[in-house]
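# Notes for the structure review
Take a look at the letters that make up each chain.
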Amino acid sequence: MHPQSRQDYVSVSFAGQGNGGYNNSKQWRRKSCWRKWKQLSRLQRSLILFILVILFICGIASYPVFIAQLRGITLYTLNILLKRLFLCNHLPQRKLSNKRGPPILQNRIQKKGNTSDTVARDKVVDSKNGKKETGVISTCCVLFVPDASRLEAVQEAFRHAWKGYKDFAWGHDELRPVSKSYNEWFGLGLTLIDAMDTMWILGLKEEFEEAKAWVAKELTFDKNVDVNLFESTIRILGGLLSTYHLTGDIVFLDKAKDIGSRLMPAFNTPSKIPYSDVNIGKGTAHPPRWTSDSTVAEVTSIQLEFRELSRLTQEPLYEAVVAEIMKQVHKLDGKLDGLVPMFINTNNGQFTHQGIYTLGARADSYYEYLLKQWIQGGKKENQLLDDYLQAIEGVKKNLLQKSSPNGLIFVGEVSHGQFSPKMDHLVCFLPGTLALGAHNGLPADHMDLAKKLMKTCYQMYVQMETGLSPEIVHFNMHQGSTRDIDVKLADRHNLLRPETVESLFYLYRFTKDHKYQDWGWEILQNFNKYTKVSSGGYTSINNVRDPDYPSPKDKMESFFLGETLKYLYLLFSDEPDLINLDKYVFNTEAHPLPIWPSTV
Ligand code: DMJ
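Below: a short report on this structure.

What counts, and at which threshold
- Residues numbered from 1 in each chain as written.
- Predicted model: local features only at pLDDT ≥ 70, side-chain atom pairs only at ≥ 80, totals over all residues.
- Heavy atoms only, no water.
- Near = heavy atom within 4 Å.
- Polar contact = N/O pair within 3.5 Å; in protein donor to acceptor, adjacent residues only side chain to side chain.
- Areas by Shrake-Rupley, 256 points an atom, 1.4 Å probe, with all protein chains shown as cover.
- Helix = DSSP H or I, 4+ residues; strand = E, 2+ residues; numbered from the N terminus.
- Nonpolar A, V, L, I, M, F, W, Y, C, P; charged D, E, K, R; others polar.
- Pairing = 2+ DSSP bridges.
- Disulfide = S-S within 2.5 Å.
- Buried < 20%, exposed > 50% of the residue type's maximum accessible area, 1.4 Å probe, protein only.
- Axes fitted to C-alpha atoms, helices over the stretch in contact; angles between N-to-C directions.
- Parallel < 35°, antiparallel > 145°, perpendicular 65-115°, else oblique.
- Left-handed = near helix turned anticlockwise from the far one by under 90°.
- Contact = heavy atoms within 4.5 Å.
- Patch = residues over 30% accessible without salt bridge, like charges linked within 9 Å, V, L, I, M, F, W, Y side chains within 5 Å.
- Salt bridge = Lys/Arg side-chain N within 4 Å of Asp/Glu carboxyl O.
- Phe/Tyr/Trp six-rings, centres within 6.5 Å; stacked < 30°, edge-to-face > 60°.
- Expected span 1.5 Å × (residues − 1).
- Arc of directions from axis to C-beta.

### Quick look at the site of the ligand
Taken together, Ile234, Arg235, Leu426, Arg497, Pro498, Glu499, Phe559, Glu563, Thr588 and Glu589 make up the full set of residues near the ligand. Here an oxygen atom of the ligand sits 2.6 Å away from a polar atom, N or O, in the side chain of Glu499. Within the side chain of Glu563, a nitrogen or oxygen atom sits 2.8 Å from an oxygen atom of the ligand. Against a free-state accessible area of 290 Å², the protein chains account for coverage of 92% of the ligand. Among the secondary structure elements, those contributing two or more residues to the shell around the ligand are helix 9 (229-247) and helix 20 (558-572). Each residue belonging to the shell around the ligand can be placed in one class, and the counts come to 4 nonpolar, 1 polar and 5 charged.

This is how it looks when you write it as structure tokens:
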């Protein structure tokens, strides 16, 4: 702990002191109070002031009209004041004034600040040569003042995204916000279904009702279309099941049963490892045209949804087909200390293209679903837990490294025995998953690692000119590097992905460390700054390194509404029962499914 410096105190003065002349008892009492106050120790005075300020805030917070007028500015100012008064031991290192506040304040502050950056970020300024170097600064321990404006900012972002979808892409899969049109992938209203439970969680009743009416009246799966088994399971089946659980409305369960049964032909393969694609109208399935392989993450990340469908329908077949995959993968040769290759053959059930091990694309959610199935089933399925624990040891042994110069811990890849310091943004699901495991009784060092990786994922945003992460980064490991993170030209895009804010949500839930909320707040502001399209919607961008022209890709992925905004809202909420993590487990598309009640 650093001693508090003088500048961290606010001097309080009282009018009328020492004027003398009055001698009534009121005066005397006032003087005697003042004498008593002065006799108190500094700590006692601070404590009393602290309590008074808290009472003041509670008073304001319970007065809705007042709060509505002062929201954003008052709470922000009080927050800073409180932090300065009591808890900011690292304050001198950190430019608090550049970090927080509603946009209106943020703009003012940035104009005053000495940085030309348009985005608030943690930077170390080397005062000797005046050069800016990016680095990691310990974050100030903050006192949290409930900030309703952050929750409202997420609702506002959702409404803006929804407006674009409603105006230009209603009932279609994805919004193309720049061209004010839409993109069809499966032709099943993907964005709308993915977003239903988000609207419910955000309390957007009107929007929810109009979407529900569409599901009830317009949504049909009786269509001659090829859908990807994994994507339609996590987004459509998962979305319908979770919305059913949150609302109790049977229409969602009926639709879930319908799509679930139409996906079943995918499992009719020689090996029982499912094909990637199903025609839900014809009842046929097939692998991609160029191969008979399926992706390992895809076939091992449909289990939460099919298991839940079995539980709800009392039809064991759904669970049986996905359990068979886990059983086979558990026994397969070709793993590296519990780490799996990226492809599996649907004819012989063996891993193919062996030798590449990653926690990124094509393998990521295999690890996530080992842990989450174990949690969903009441922590009884030891094989799933063993595979998860072994895999995390495999990550530590083979994939974990430190960057130079700032020593960021990152998860790289192994390709045919060679380590590559490449990390996908997708890997940023891992801090959250590790934290969830630790919360469920797994080793405490999983939480330590979660925190380190969380910092790295945040740095993947902070160190970019837009404050938004690219799709893939490469870490520098050699001594003498001047920066930790490099981005290749082809990897500079941002698809509005959720993984970092997802992990921030878990880390905040379990640690209550407000820096995670502040990090998420910065990210939301940068999404607003660089990806918001004025006529409605948000767009993926091609270049996170060019704040002047991030180059819109003209596509709003359904997971921006299904996951990114949902996790941001939950991150800013201090209500542990808003999706209680001891009662629900999120599927890999952020759709909460119930943890099964114990039958013992
Ligand atoms: C989502 O569809 C899911 O989170 C999936 O697990 C990974 N890819 C996207 C989001 O990035």
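### With respect to the sheet that holds strand 15 (residues 418-420)
Read from one edge to the other, the open sheet built from 3 strands follows the order 11-14-15, with strand pairing classed as antiparallel. The outermost strands of the open sheet, each flanked by one partner alone, are strand 11 (356-357) and strand 15. Of the strand pairs in this sheet, strand 14 (residues 413-415) and strand 15 are connected by 3 bridges, and their pairing is antiparallel. Each bridged residue has a counterpart across the sheet, and for Ser415 the counterpart in strand 15 is Gln418.

### Some thoughts on the state of the cysteines
In this structure the tally under the stated criterion is 1 disulfide. The partner cysteine of Cys428 in its disulfide is Cys457, sulfur to sulfur 2.1 Å. Note on the Cys428 and Cys457 pair: the S-S dihedral is about -100°, so by sign convention the disulfide is left-handed. Of this pair, Cys428 sits in the loop between strand 16 (422-424) and helix 16 (430-439) while Cys457 sits in helix 17 (residues 444-462), and the two are 29 residues apart along the sequence. Cys457 shares its class with Cys428; the two are buried.

### Points about the packing of helix 7 (residues 190-202) against helix 20
Relative orientation of the contacting elements helix 7 and helix 20 amounts to 15°, with a least axis distance of 7 Å. Relative to helix 20, the element helix 7 is oriented roughly parallel. Taken as a pair, helix 7 and helix 20 cross one another with a handedness that is left-handed. Residues Leu190, Thr191, Asp194, Ala195, Asp197, Thr198, Ile201 and Leu202 of helix 7 lie in contact with helix 20, whose contacting residues are Ser558, Phe559, Leu561, Gly562, Lys566, Tyr569 and Leu570.

### Topic: the environment of Phe419
As for its placement among the helices and strands, Phe419 is situated in strand 15. Given a relative accessible area of 26%, Phe419 falls into the partly exposed group. On a C-alpha basis, the gap between Phe419 and Asn398 in space is 8.0 Å, while along the polypeptide they are 21 residues apart. Those residues within four positions of Phe419 in sequence are excluded, and the remaining contacts are Asn398, Leu399, Gln401, Phe410, Gly412, Glu413, Val414 and Met477.

### Considering the environment of Ile259
Along the chain, the position of Ile259 falls in helix 10 (residues 250-263). Ile259 sits 19 residues away from Leu240 along the chain, and the two C-alpha atoms are 9.5 Å apart. Those residues in contact with Ile259 that sit more than four places away from it in its chain are Phe221, Ile236, Leu237, Leu240 and Ile280.

### Quick notes on a nonpolar patch on the surface
Taken together, the side chains of Ile48, Ile51, Leu52 and Leu55 present a nonpolar region at the surface, about 370 Å² in accessible area. On the secondary structure map, Ile51 appears in helix 2 (residues 42-61). Ile51 gets classed as partly exposed once you look at its relative accessible area, which sits at 48%.

### Digging into the packing of aromatic side chains
Going through the model one piece at a time under the given rule, you end up with 22 aromatic pairs. For the pair Tyr538 and Phe560, a centre-to-centre distance of 4.9 Å together with 45° between the ring planes defines the contact as tilted. Here Tyr538, found in the loop between helix 19 (515-530) and helix 20, pairs with Phe560, found in helix 20; they are 22 residues apart in sequence, far enough to count as distant. The buried category is assigned to Tyr538, whose relative accessible area is 0%. Residue class for Phe560 comes out buried when judged on its relative accessible area of 0%. Members of the aromatic cluster, each reached through a chain of ring pairs, are Phe505, Tyr506, Phe510, Tyr567 and Phe586.

### With respect to the sheet that holds strand 7 (residues 284-286)
The strand order 5-6-7 describes an open sheet built from 3 strands, whose pairing is antiparallel. The open sheet has two free edges, formed respectively by strand 5 (226-228) and strand 7, since each of these has just one partner strand. The average angle at which neighbouring strand axes cross in this sheet is 30°, direction not considered. In terms of strand pairing, strand 5 meets strand 6 (residues 277-279) through 3 bridges, oriented antiparallel.

### A look at the pattern of salt bridges
Under the criterion given, the structure shown has 27 salt bridges. As a salt-bridge pair, Lys166 and Glu210 come within 3.0 Å of each other at their nearest N and O atoms. Of the two residues, Lys166 is situated in helix 6 (residues 148-168) and Glu210 in helix 8 (residues 205-217); the sequence distance between them amounts to 44 residues. Of the charged contacts, one joins Asp222 and Arg262 as a salt bridge, the two residues approaching to 3.8 Å between their closest N and O atoms. Placement of the pair is Asp222 in the loop between helix 8 and strand 5 and Arg262 in helix 10, with a sequence separation of 40 residues. Overall, the relative accessible area of 55% leaves Asp222 in the exposed class. Shared partners join several salt bridges into a network, and the residues in it are Glu174, Lys555 and Glu557.

### With respect to helix 13 (residues 317-331)
Given a rise of 1.5 Å per residue, 15 residues ought to cover 21 Å, and the 22 Å separating the end C-alpha atoms of helix 13 matches this to within 8%. Here helix 13 has its buried residues at Tyr318, Val321, Val322, Ile325, Met326, Gln328 and Val329. The arc enclosing the buried residues of helix 13, seen along the axis, measures out at 165°, which places them on a common side.

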